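Take a look at the letters that make up each chain.
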Amino acid sequence: MRLETKRLILRDWIKADIDDIVEGLNNIEVAKWLAFVPHPYTRRHAEEWINRCIDNASKGADRNSYDFAIELKSEQKVIGGVALDRISRIHGTAGGGIWLNPNYQGHGYGAEAFGEKIRFAFVDLKLRRLDNGFFEGNTSSLKMQEKFGYKVEGMRRKAFRCMADGEIKHEHITGLLVEEWKKGLGKYD
């Protein structure tokens, strides 16, 4: 699977991405916002992750998740990852998240990739609702989600023990309906 924006390619992970994924995730300032990413993040972790993604991608149209590498076209380098997971075709819903190598934050790449994921979910997959969330204190994630129309819908208290720092974290739950996204379509592409 391959999606493209002005500056980015969102594509399936490949084994050649191992060094880039380790570079991006072996940073506590990234990993502390992700429930299932250990710190330190090693080559072995990246290999296991990519093997799972390759196996999932081989399912074709039967897959219930898309884990995309975010490749910066100008450098032909993977700078992060964005997921569309827990896809329910019956209910028309999905979840997912995003991470970005800290060396590439602050340039709008995260919003560009996240926006393309949303477009793919609502236009290509014809879903009707996306669920997301963020750990308490991750205001950057909240601000980006709000740009696309996500609404905070609640909080799951002490929902996760973060693998990176061992802390128990509250997760704020957000949601976006297709009709809300359509109202703002074009504002953030």
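This write-up is about the structure you can find in this document. The structure displayed is predicted, hence computed values, not measured ones. (Residues numbered from 1 in each chain as written. Predicted model: local features only at pLDDT ≥ 70, side-chain atom pairs only at ≥ 80, totals over all residues. Heavy atoms only, no water.)

**Some details on the side chain of Arg11**
The topology assignment puts Arg11 in strand β2 (residues 8-12). A distance of 2.7 Å separates polar atoms of two side chains, one belonging to Arg11 and the other to Glu71. Dropping the residues within four chain positions of it, Arg11 is found in contact with Met1, Arg2, Asp17, Asp67, Phe68, Ala69, Glu71 and Val78. (Helix = DSSP H or I, 4+ residues; strand = E, 2+ residues; numbered from the N terminus. Polar contact = N/O pair within 3.5 Å; in protein donor to acceptor, adjacent residues only side chain to side chain. Contact = heavy atoms within 4.5 Å.)

**Notes on the nonpolar core**
Leu8, Ile79, Leu84, Ile118, Phe122, Leu127 and Leu130 are the most contacted members of the largest nonpolar core, which totals 31 residues. Of all the elements in the fold, those that place two or more residues in this core are β2, β3 (66-72), β4 (77-88), α4 (109-124) and α6 (178-184). Counting residues per element, this core draws most heavily on α4, at 8 residues. Sequence-distant contacts of Ile118, that is, excluding residues within four places in its chain, are made with Leu130, Phe148, Tyr150, Leu176 and Trp181. Judged by nonpolar contacts, the second largest core, of 18 residues, contains Ile18, Leu25, Tyr41 and Ala164. (Core = buried A, V, L, I, M, F, W, Y, C linked by side-chain atoms within 4.5 Å. Buried < 20%, exposed > 50% of the residue type's maximum accessible area, 1.4 Å probe, protein only.)

**Regarding the pattern of salt bridges**
Across all of its chains, the model carries 19 salt bridges by this definition. The closest approach of N and O atoms between Arg156 and Glu171, which form a salt bridge, is 3.0 Å. Here Arg156 is found in strand β8 (residues 151-161), whereas its partner Glu171 is found in strand β9 (residues 168-177), with 15 residues between them in sequence. Here Arg156 falls in the partly exposed class, since its relative accessible area comes to 40%. (Salt bridge = Lys/Arg side-chain N within 4 Å of Asp/Glu carboxyl O.)

**With respect to the state of the cysteines**
Enumeration over the complete set of coordinates arrives at 0 disulfides. Of all cysteine sulfurs, the one in Cys162 lies closest to Cys53, which takes part in no disulfide; the gap is 19 Å. The class of Cys53 is buried, set by a relative accessible area of 7%. (Disulfide = S-S within 2.5 Å.)

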